[in-house]
Amino acid sequence: MDFQSLFYALGSLFLILGILAMIAFLFILYKAYQAMQKMQQDVFDFKENMVEKVTTFVSSKPTLIASSIGAGLSSILMRKMRDMFRRK
């Protein structure tokens, strides 16, 4: 086997390997794109599910929500009034 046929064989081998590497890289990019699309859909579904849960909870127990908001606001208001009277 002379040098010309050896270089020809090596060139053909590296060309085939390069094409296979390019195909593998494109396949990996495609799979990553599919995974990103699936994640985006999962986040959207999770958001829709949480909105649905919150709206059903709020509509089913309005007095509990109102009392929780009132308790939170009253504690904040009492703290602000206490701080206001301490400053003087």
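The structure under discussion appears in the preceding block.
Every value quoted in this text rests on a predicted model; they were computed, and no experiment measured them.

Structural notes on the overall build of the protein chain
From N to C terminus, the protein chain includes two helices and zero strands. At 33 Å, the protein chain has a C-alpha radius of gyration far larger than the 12 Å of a compact globule built from 88 residues. Taking the principal axes of the C-alpha coordinates as reference, the protein chain spans close to 100 × 40 × 10 Å. Total accessible area on the protein chain stands at roughly 8,300 Å², and carbon and sulfur atoms take up 73% of it. Charge-centre separation for the protein chain: the mean point of 11 positive side chains lies 24 Å from the mean point of 6 negative side chains.

Some thoughts on the pattern of salt bridges
Taken as a whole and judged by the stated rule, the model has one salt bridge. K38 serves as the salt-bridge partner of D42, at 3.2 Å between the closest nitrogen and oxygen. Here D42 and its partner K38 are both found in helix α1 (residues 3-60), four residues apart, which amounts to about one turn of the helix.

Overview of the environment of A9
Considering the arrangement of structural elements, one finds A9 in helix α1. Taking the C-alpha atoms as reference points, A9 and Q34, 25 residues apart in sequence, are found 38 Å from one another.

Structural notes on a positive patch on the surface
On the surface, R79, K80, R82 and R86 cluster together to form a positively charged patch. When you line up the elements, R82 lands in helix α2 (residues 62-87).

Rules and cut-offs
- Residues numbered from 1 in each chain as written.
- Predicted model: local features only at pLDDT ≥ 70, side-chain atom pairs only at ≥ 80, totals over all residues.
- Heavy atoms only, no water.
- Helix = DSSP H or I, 4+ residues; strand = E, 2+ residues; numbered from the N terminus.
- Rg over C-alpha atoms; globule rule 2.2 N^0.38 Å.
- Areas by Shrake-Rupley, 256 points an atom, 1.4 Å probe, with all protein chains shown as cover.
- Lys, Arg positive; Asp, Glu negative; His and termini not counted.
- Charge placed at Lys NZ, Arg CZ, Asp CG, Glu CD.
- Salt bridge = Lys/Arg side-chain N within 4 Å of Asp/Glu carboxyl O.
- Patch = residues over 30% accessible without salt bridge, like charges linked within 9 Å, V, L, I, M, F, W, Y side chains within 5 Å.

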